[in-house]
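# Inside the fold
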Amino acid sequence: MPMKIAKATFATLTILFLVAPLIAILPLAFTSSVILTYPIPSWSLRWFEELFFADAWRRAIVNSLIIGTGTTLLATILGTAASLGLRNRLILFRGTMRTLFLLPMVVPAVVLGVGMQVLLAGFGLTNSYLGVIIAHTVVAVPFVVVSVTGALAGIDERVELAAQSLGAAPITVFRRITLPLAMPGVLSGAVLAFATSLDEVVLTLFVAGPNQRTLARQMFSSIRENISPAIAAAAFLFIVATVVIGLVVVLSRSMLAKRR
Amino acid sequence: MAEFIRFERITKFYGPLCVVENLDLGIEKGEFVSLLGPSGSGKTTLLMMLAGFEQPTSGNILLDGTAINAVPTHKRDMGVVFQSYALFPHMSVGENIAFPLQMRGIGKAEVDERVKRALGMVQLSALVDRRPSQLSGGQQQRVALARALVFEPRVVLMDEPLGALDKNLREQMQLDIRDLHRRLGLTIVFVTHDQSEALTMSDRVAVFNKGRIEQIGTPRQVYDEPATRFVAEFIGETNLVEGVVEAVQGQEATVRLPSGAQIVSAVSGTVARGQSVFLSIRPERVDLSEARGEARNVLETEVTDSVYQGDHLRVQLQNATHPLIAKLGRRSREFPPGTKVFAAFSAGDCRVIAP
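In this text, all values refer to a predicted model and were calculated from it rather than measured experimentally.

Cut-offs used in this document
- Residues numbered from 1 in each chain as written.
- Chains lettered and ligands numbered in written order.
- Predicted model: local features only at pLDDT ≥ 70, side-chain atom pairs only at ≥ 80, totals over all residues.
- Heavy atoms only, no water.
- Helix = DSSP H or I, 4+ residues; strand = E, 2+ residues; numbered from the N terminus.
- Buried < 20%, exposed > 50% of the residue type's maximum accessible area, 1.4 Å probe, protein only.
- Areas by Shrake-Rupley, 256 points an atom, 1.4 Å probe, with all protein chains shown as cover.
- Lys, Arg positive; Asp, Glu negative; His and termini not counted.
- Charge placed at Lys NZ, Arg CZ, Asp CG, Glu CD.
- Core = buried A, V, L, I, M, F, W, Y, C linked by side-chain atoms within 4.5 Å.
- Contact = heavy atoms within 4.5 Å.
- Domains from an automatic or database assignment.
- Buried area = accessible area lost by both parts, 1.4 Å probe.
- Salt bridge = Lys/Arg side-chain N within 4 Å of Asp/Glu carboxyl O.
- Polar contact = N/O pair within 3.5 Å; in protein donor to acceptor, adjacent residues only side chain to side chain.
- Nonpolar A, V, L, I, M, F, W, Y, C, P; charged D, E, K, R; others polar.
- 1 Å grid on protein atoms, 1.4 Å probe; cavity = no way out; pocket = protein on both sides within 12 Å on 5 of 7 lines; lining within 4 Å.
- Points joined across faces, edges and corners; volume = space filled by probe spheres on them.
- Phe/Tyr/Trp six-rings, centres within 6.5 Å; stacked < 30°, edge-to-face > 60°.
- Lys NZ or Arg CZ within 6 Å of the ring centre and 35° of its normal.

Time to look at the overall build of chain B. Regarding its fold elements, chain B presents 8 helices and 20 strands. Along the three orthogonal principal directions, the C-alpha set of chain B runs to about 75 × 45 × 40 Å. When burial is assessed residue by residue, chain B has 51% of its 355 residues classed as buried. Roughly 15,900 Å² of accessible area belongs to chain B as shown, and the carbon and sulfur atoms make up 47% of that amount. Within chain B, one finds 40 positive and 42 negative side-chain charges whose respective centroids are separated by 3 Å.

Below, the structure written as structure tokens:
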């Protein structure tokens, strides 16, 4: 019995430790005060108004959506293509290739950022949407690769062989069999890519110009300039977006499970 | 009948490993041929090459007189049934069976009609809208069968299709497939490692070992007239006794066993006087009695064990130099261990095999 209580206490403390920052920031999104501190004098939605109508914030939200969508499309296409390629057992250095695809996950973002800055400057792509999208795609692709590779691994190769023998050309096998079966993995990969882009600050600092300020970047700079509770409102938006994204992933996973 | 499928000097290497070695095999139209052998004997690889999933390292595969090595799988027009069923999990039963018809650009009305007929053929009409995951193993295999037959392929290939089913269902499916083969006049190439399945279903059985065909013949031929020691041991149970040829008379040979006994036996292949050979004696062809009797071949033995197995009595015997097993019909009397008995069999019931 004492063991059980100890376990429960430990679990509660750990969870508290993980969500404490959220608990600290979220109520401040609804404050009527002009500074980001407790106590909250009265409740108000004025900071959400600020977020959606103040030029800098609105711009940042739109930028995040543009860059997030671009990154999602590019990363999903590249990541899915990479996963399909990595399935081929005859490929040379398959293990090494897979590691290379996952490398951006572990390489420090600062290092990537410096490299990216130099490289993109060479192509004249710094301070452009395309440049930011490319930078975000580099760190988003590994998530797509992991997710799609997992989905592809669950497909019985003989199902595809059977389709071939029944008269389906390779491209038809891909369209009618492989892609539909891998779709839950592709979707959750896309969602993770979007989330990665939404959250990315370090690379954005290196490659984006003033016109490509994303929401995360805007929060980062405004917390130094003026600690307005708009930051908390933006954080609230992030949380909502993350929960939605999480739900989509869980849903697509259960779709995948049901099919098996 | 003309030869429909021809394997011509097929060799297949996986890296340094030779899985099929210089193999020749002809299959006639409408024939049911089983490729039988232990795992790793090359039988599945041969089937995969016929389906186009694998390419031979050298040699030709001919279909109806034309080499098909360069023809991709989807243009070979062969129905393949896998052990794992390989149904499309995201499609209903009906959509699975419609798939090969859609690939051939057949109109919707005809597709529906043929799907219906195919489902009727395998007695699954009620399950057309189910997903494969909602079906039992036996039902899934029937769907796979219907899907492989619905487009009337030129050849049907089956890779251990019944391996995942339990015994009763497997035996039922064996008879069902045999029946479909006869009714529809299908050409079927069937891979299995189960010798009784091969004997039950096939017109001819090709026995594989280490990438070669050891023997090909009717079920009766491979069982009663095994050409090699491997075939004798792999198909059914047998007693193998070493001996030396003393004389050859036409299709028979006299063999002296180490115990001194002389056995007259039918011969597979050619043997010469003085050659060491094996005698293969099927246990169910051995008769036991306490009197010497009139039979041509008699061995003096002693019963060491006797096991009742329902449909037969399995008796283990020991003679001066080698053990022997006899399977007796259930009407036979019992022989307690220690009984001295004479094991008798005719010349046609045993076989001389050159080692």
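Resuming the write-up.
Counting 90 residues, the largest nonpolar core has F7 and L46 of chain B as its most contacted members. Of all the elements, helix 6 (residues 129–153) of chain A adds the most residues to this core, at 7 residues. Ignoring any residue separated from it by four or fewer positions in sequence, one finds L46 of chain B in contact with F7, I10, V20, L23, L25, L35 and F208 of chain B. In this structure, V255, L257, V286 and L324 of chain B belong to the second largest nonpolar core, which totals 28 residues.

Another point: the domain arrangement of chain B. Residues and elements named next belong to chain B. Partitioning chain B into structural domains gives domain 1 (3–225) and domain 2 (237–353). When each unit is reduced to the centre of its C-alpha atoms, the spacing between domain 1 and domain 2 is 39 Å. Taken together, the contacts link 4 residues of domain 1 with 5 residues of domain 2. Taken together, the two surfaces of domain 1 and domain 2 that pack against each other cover about 410 Å², and 31% of this comes from carbon and sulfur. When residues of domain 1 are sorted by the area they lose upon contact with domain 2, Y223, D224 and E225 head the list and together hold 96% of the total. At the surface where domain 1 touches domain 2, the tally comes to 1 salt bridge. Notably, a salt bridge pairs R285 with D224, separated by 3.1 Å at the nearest N-O pair. The interface formed by domain 1 and domain 2 holds 3 residue pairs in polar contact (both at pLDDT 80 or more) in total. Per-class residue counts for the side of domain 1 that touches domain 2 are 2 nonpolar, no polar and 2 charged.

Turning next to the layout of surface pockets. Of the volumes computed, that of the largest pocket is approximately 1,300 Å³. If you go around the largest pocket, you meet 38 residues; those closest to its centre are R89, E157 and L161 of chain A together with F53 and E54 of chain B. Elements with a contribution of two residues or more to the lining of the largest pocket: helix 3 (55–87), helix 4 (94–102), helix 6, helix 7 (157–165) and helix 8 (170–199) of chain A together with helix 1 (43–51) of chain B. For the lining of the largest pocket, the element with the most residues is helix 7 of chain A, which contributes 5 residues. Tallied by class, the residues present in the lining of the largest pocket amount to 15 nonpolar, 12 polar and 11 charged.

Take the interface of chain A and chain B next. Facing 21 residues of chain A, the contacting portion of chain B comprises 22 residues. Carbon and sulfur atoms make up 68% of the surface buried where chain A meets chain B, a total of about 1,900 Å² over both sides. Linking chain A with chain B are 4 residue pairs in polar contact (both at pLDDT 80 or more). With 7 residues, the single largest contributor to the side of chain A that touches chain B is helix 7 of chain A. Across the side of chain A that touches chain B, the residue classes break down as 11 nonpolar, 4 polar and 6 charged.

Turning to the packing of aromatic side chains, a few remarks are in order. Across all of its chains, the model carries 7 aromatic pairs over all chains by this definition. Plain terms: the ring middles of F32 of chain B and F190 of chain B are 5.6 Å apart, the flat faces sit at 40° to each other, and that makes the pair tilted. In this pair, F32 of chain B sits in strand 3 (residues 32–36) while F190 of chain B sits in strand 8 (residues 188–192), placing the two residues 158 residues apart along the sequence. By relative accessible area, F190 of chain B is classed as buried at 0%. Among the aromatic residues, ring-to-ring pairing joins F30, F48 and F236 of chain A into one connected group. Sitting over the face of the ring of F278 of chain B, R229 of chain B holds its NZ or CZ atom 4.4 Å from the ring centroid.

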